[in-house]
Amino acid sequence: AGNKVAILEQVEDAKKAKEESRLVKRDLVRIVTPGTLTDPKALDQKLNNYLVAIYVLKDKYGLASVDLSTGEFAVTELENLPKLWAEIHRLSPKECLFSEGFGDKEMLDQIRVELKAVVDFLPDWRFAFETAKSELLQHFKTLSLDGFGCEHLPAAICAAGALIYYLYETQKQEVKHILSLHTYTISDFMLLDADTQRNLELTTSIRDGSSKGTLLEVIDETVTPMGGRKLHQCILQPLLQPAEINARMNAVDELKNRIGLQEELRERLSKVYDMERLISRISLGSANARDLLALKDSLRLLPGIKEQLQDCESSLLQTLDES
């Protein structure tokens with residue numbers, strides 16, 4: 001509904017408070033926002049739930065995105081406003097963070113109206129380069145960001161650091177399942193602007209905003225939530241490099257021609273639960289016994305899946321076997 005919900009819990013033994021004839025002490029343990037949802041009942045299984053932070057530094061736009069429910073964390077820098085808007089539209093975030101000094105009211109209104117996303121603000125100093133970099137180094141427990149490939153992207157670092165701070169502030173704990181930071185450039189993929197995405201009805205129908213009648217609905221034969229989210233990402237980020245395109249097509253071709261292997265893999269995968277979101281809930285302390293059992297059952301299936309991939313010839317399937 002676009003609101004934030006503060007969750008308070010008892011922090012002491014109720015018996016002690018009763019003996020002293022006073023109310024039981026309670027404390028704020030979490031703030032639930034549209035971009036930090038992890039409850040599976042409130043999320044679409046096959047869609048990411050992105051929270052993004054945007055910061056303008058000189059002539060660059062830094063964009064950081066995170067899906068707290070899966071642990072996916074990525075950053076990029078963009079050269080102009082049209083490219084930034086195209087990337088925001090691709091991510092279709094539920095919540096966007098800006099610095100209090102951000103002055104593009106038109107963009108803020110577009111995000112609220114077109115994407116129906118919540119817009120939040122943090123103090124300008126939270127996006128300051130040294131502050132943001134310190135947040136990232138502390139979170140990942142490293143001395144440098146070189147290993148993540150973003151050391152030369154100051155605007156992206158500013159956005160990412162503010163995003164990590166916001167997660168700590170809303171979750172009131174460390175977000176340990178966010179283990180890495182993926183740096184990418186939009187030149188790695190075919191850029192599809194907002195109008196192109198909408199008019200081609202790739203993932204969203206012009207008529208009612210659902211996936212009915214879209215390219216995604218036609219080709220989505222995935223049997224796991226993780227596969228569904230991956231397919232959604234692939235459609236909105238078409239590959240450009242011939243080597244990567246051929247590798248993907250070779251893998252698809254091999255599975256298409258090996259009907260037996262394909263059916264066996266689908267049978268096994270259909271029993272795999274949403275491991276990304278299970279791990280996230282366990283890390284955040286919001287999992288229940290059923291979640292733990294689901295993760296155990298899913299992990300037991302992985303050795304059999306890897307074994308089935310051992311004799312595959314395409315490079316992508318071989319990589320899966322080795323991982």
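Higher on the page you've got the structure.
Residues numbered from 1 in each chain as written. Predicted model: local features only at pLDDT ≥ 70, side-chain atom pairs only at ≥ 80, totals over all residues. Heavy atoms only, no water.

A. A look at the pattern of salt bridges. Throughout the structure, instances matching the rule amount to 18 salt bridges. With a closest N to O distance of 3.5 Å, Lys 46 and Asp 220 form a salt bridge. Taken together, the residues Lys 46 in the loop between strand E2 (26–32) and strand E3 (51–57) and Asp 220 in the loop between helix H7 (215–219) and helix H8 (225–236) connect sequence positions 174 residues apart. The shortest N-O distance in the salt bridge between Asp 67 and Arg 277 comes to 4.0 Å. On the criterion of sequence distance, the pair formed by Asp 67 in strand E4 (residues 60–67) and Arg 277 in helix H11 (residues 275–283) is long-range, its members being 210 residues apart. The pair formed by Asp 67 and Arg 277 is uniform in burial state, with each residue classed as buried. Here the residues in one salt-bridge network are Lys 105, Asp 109 and Arg 112, joined through shared partners. (Salt bridge = Lys/Arg side-chain N within 4 Å of Asp/Glu carboxyl O. Helix = DSSP H or I, 4+ residues; strand = E, 2+ residues; numbered from the N terminus. Buried < 20%, exposed > 50% of the residue type's maximum accessible area, 1.4 Å probe, protein only.)

B. Representation of empty space enclosed by the protein within the structure. Overall, the coordinates contain one cavity of 30 Å³ or more when judged by the stated rule. Here the largest cavity defines a volume of roughly 80 Å³. For the largest cavity, the full set of lining residues is Ala 86, Glu 87, Arg 90, Tyr 184, Ile 186, Phe 189, Met 190, Leu 191, Leu 192, Gln 197, Leu 236 and Gln 237. Per-element tally for the lining of the largest cavity: the top contributor is helix H2 (residues 81–91), with three residues. Considered class by class, the residues forming the lining of the largest cavity number eight nonpolar, two polar and two charged. (1 Å grid on protein atoms, 1.4 Å probe; cavity = no way out; pocket = protein on both sides within 12 Å on 5 of 7 lines; lining within 4 Å. Points joined across faces, edges and corners; volume = space filled by probe spheres on them. Nonpolar A, V, L, I, M, F, W, Y, C, P; charged D, E, K, R; others polar.)

C. Geometry of the packing of aromatic side chains. Throughout the structure, instances matching the rule amount to four aromatic pairs. With 5.2 Å between their ring centres and 15° between their planes, Tyr 55 and Phe 127 make a pair best called stacked. In this pair, Tyr 55 sits in strand E3 while Phe 127 sits in the loop between strand E7 (118–122) and helix H4 (129–140), placing the two residues 72 residues apart along the sequence. Across the pair, exposure class does not vary: Tyr 55 and Phe 127 are buried alike. Look at Phe 73 and Phe 140: their rings are 6.4 Å apart centre to centre, the planes differ by 20°, and that puts the pair in the stacked class. Here the residue Phe 73 occupies a position in strand E5 (residues 72–78), and Phe 140 occupies one in helix H4, the gap between them amounting to 67 residues. Classification of Phe 140 as buried rests on a relative accessible area of 11%. Put simply, the rings of Phe 73, Phe 140 and Phe 148 pair up and form one aromatic cluster. For Arg 126, the ring lying beneath its charged end belongs to Tyr 165, and the centroid distance is 3.5 Å. (Phe/Tyr/Trp six-rings, centres within 6.5 Å; stacked < 30°, edge-to-face > 60°. Lys NZ or Arg CZ within 6 Å of the ring centre and 35° of its normal.)

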